[in-house]
Amino acid sequence: MKNIFKNKIVDYTSHLACSPSKRFIALFIDFISMCVVTLFLYLGSYEILINNSSYINKDNTINEEVEYYNNLINETHLVEFEDDTLKERKSIDETVLTLVLKQINLSYTLDDSGNFNNHEPVQIEKYGIANKETDNIAYFYLNYLPSHNENNDIVDINNLTYEEFYKVHFEELGGSLYSELFTTKDDEIIYITPYVASRIYRYIYEDYSGGEDYYYNVINIYRYIFEESEKLVINSQNYYSNHYVIYEDAIIKQANMVNLSFVLTILVSFTLIIAIPQIFLKDGKTIGKSWQGIALISKKGKALPIGLLILRNVFSFLGYLLVSIMIPMLPMFNFSYNSFQVPLFYLGSLNISYGFILILIGIIAIISSIPSLFTKNKNSLIDYISRTNVIELKS
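Small disclaimer: the values here were computed from a predicted structure and weren't measured.

Trainee: Even after reading the chapter, I still don't get the side chain of Thr95, so can you show me in this structure?
Mentor: Counting through the fold element by element, Thr95 comes out in helix 3 (residues 92–110). When residues no more than four places from it in sequence are discounted, the contact partners of Thr95 are Glu80, Lys90, Asn136 and Phe226.

Trainee: Even after reading the chapter, I still don't get helix 3, so can you show me in this structure?
Mentor: Turn by turn, an α-helix covers 3.6 residues, leaving residues three or four places apart pointing in a common direction. Here helix 3 spans 27 Å end to end across 19 residues, near enough to the 27 Å set by a 1.5 Å rise per residue. All of the buried residues in helix 3 are Thr95, Val96, Thr98, Leu99, Val100, Leu101, Lys102, Gln103, Ile104, Asn105, Leu106 and Ser107. Those residues of helix 3 hidden inside the fold are in contact with helix 4 (136–148), strand 3 (191–192), helix 7 (194–206) and helix 8 (212–234).

Trainee: Can you help me understand the UniProt feature "transmembrane region" (unreviewed entry) in the protein chain in this one?
Mentor: Within this numbering scheme, the UniProt entry marks residues 24–44, 260–281, 309–332 and 352–374 as carrying the feature "transmembrane region" (unreviewed entry). Between the end C-alpha atoms of residues 24–44 the distance is 30 Å, and the span holds 100% helix and 0% strand.

Trainee: What is the right way to read the pattern of salt bridges from this model?
Mentor: Two side chains bearing opposite charge may form a pair once their charged atoms approach each other closely. Applying the stated criterion across every chain yields a total of 6 salt bridges. Here Asp249 ties to Lys253 by a salt bridge, and the two come within 3.4 Å at their closest N and O atoms. You can see Asp249 and its partner Lys253 sitting in helix 9 (residues 237–281), 4 residues apart, about one turn around the helix. What makes Asp249 partly exposed here is its relative accessible area of 37%. Judged by relative accessible area, which is 42%, Lys253 ranks as partly exposed.

Trainee: Can you help me understand unusual backbone geometry in this one?
Mentor: Peptide bonds are trans in most cases, and residues, glycine excluded, mostly fall at negative phi. At His77, a residue that is not glycine, the phi angle is positive and equals roughly 70°. Summarising the element assignment, His77 is placed in the loop between helix 2 (53–76) and helix 3.

Trainee: I tried to follow helix 9 on my own but got confused; where do I start?
Mentor: A rise of 1.5 Å per residue sets the reference length of helix 9, with its 45 residues, at 66 Å; its end C-alpha atoms lie 62 Å apart and thus fit the reference within 8%. Of the residues flanking the end of helix 9, it is Lys282, one or two places downstream, whose phi is positive at about 70°.

Trainee: Which parts of the structure should I look at to understand the packing of aromatic side chains?
Mentor: When we look at a pair of aromatic rings, we describe it by the centre distance and by the angle of the planes. In total, this model carries 24 aromatic pairs according to the counting rule given. Residues Tyr69 and Tyr239 carry aromatic rings whose centres are separated by 5.3 Å and whose planes lie at 45° to one another, so their mutual orientation is tilted. Of this pair, Tyr69 sits in helix 2 while Tyr239 sits in helix 9, placing them 170 residues apart in sequence. When the ring of Tyr240 is compared with that of Tyr244, the centres are 5.3 Å apart and the planes differ by 25°; the resulting orientation is stacked. With a gap of 4 residues between them, Tyr240 and Tyr244 both fall in helix 9, about one helical turn apart. With relative accessibility at 32%, the residue Tyr240 sits in the partly exposed group. Taken together, Phe140, Tyr141, Tyr144, Phe165, Tyr166, Phe170, Tyr178, Phe182 and Tyr222 form an aromatic cluster joined through their ring pairs. Taking the ring centre of Tyr208 as reference, the NZ or CZ of Arg202 above it sits at 3.9 Å.

About the criteria used
- Residues numbered from 1 in each chain as written.
- Predicted model: local features only at pLDDT ≥ 70, side-chain atom pairs only at ≥ 80, totals over all residues.
- Heavy atoms only, no water.
- Helix = DSSP H or I, 4+ residues; strand = E, 2+ residues; numbered from the N terminus.
- Contact = heavy atoms within 4.5 Å.
- Expected span 1.5 Å × (residues − 1).
- Buried < 20%, exposed > 50% of the residue type's maximum accessible area, 1.4 Å probe, protein only.
- UniProt positions renumbered as here; feature names shortened; annotations may be inferred.
- Salt bridge = Lys/Arg side-chain N within 4 Å of Asp/Glu carboxyl O.
- Phe/Tyr/Trp six-rings, centres within 6.5 Å; stacked < 30°, edge-to-face > 60°.
- Lys NZ or Arg CZ within 6 Å of the ring centre and 35° of its normal.

So, in structure tokens, the structure goes:
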């Protein structure tokens, strides 16, 4: 049993350096094997994870805080939901477009200079006309804030009236295009000018190219105003200190549990697919290397000492953490990263995310492989560090 960990004493000095293409194919075979095994192993570890009491407690906290926030943000009218359960948001693009159509209707009713030129917007009458109640942005600043901004909890209006703050803040967020795209009339809400509104309407329903730039400028400005206004709610003193920090703490701790599960699953997979084959196949050969007929030797042309083999495997394991990016292929993740299931959030108080670590590992792997394209021995940077060569075995 003792001899199983020892390599044969063979002189490899006459063997050729391995070509980059063979190294890549061998790595690809090992990587795919790792992905397959890791995905299946993670199916089991995920079931264990989601039934862990600590994970369940964090999950309950997250869901409670999400439910609380959805009810809160629904009251502001800054976010709309698909139904009364308030679980699925409407896309911001859908909300913005609906608001713009209401704005066009308002602009049409206030137009007294023939800007619409007989292009009456009858196709959008069903959306109604924007006013202080139906315009999401106007509602937030003119109805919601006055009754919820005690002691400037949400935003400091700098001794302005809410009507004044609404107009000043809107103009500030609208930027340099504000005066060209928007206007206001007495106590009316801010709305799209009739000239711009008519061209946007014709662009949407009559394919009028002259309205394209106006359309995208207005849409982008409103999207930005929605996002910035929601940030005011999130950062408000009461919500942030009493709810958001609880949500953030729970999701970070839950994320760390998921990340640890990733790493442990990959470690087991690495042991099965990379480490164990090297013991039985000898000469640092993995399944991929054996398939391609290549081996790993020391700089002296001899079989690789166990110490160097362990060092190589440490570097290899760090590289194979990139298998994590394949986890969203699992059915429960629906082929996408989800902050509640596959979070790449901060690791503890280090302010370093697991996702950042994966990106860093990927960059290092690319840099390490560059020397193999140009050097005589086709060595990577890791080969130089561990003083090893990868060779092609003779038949």
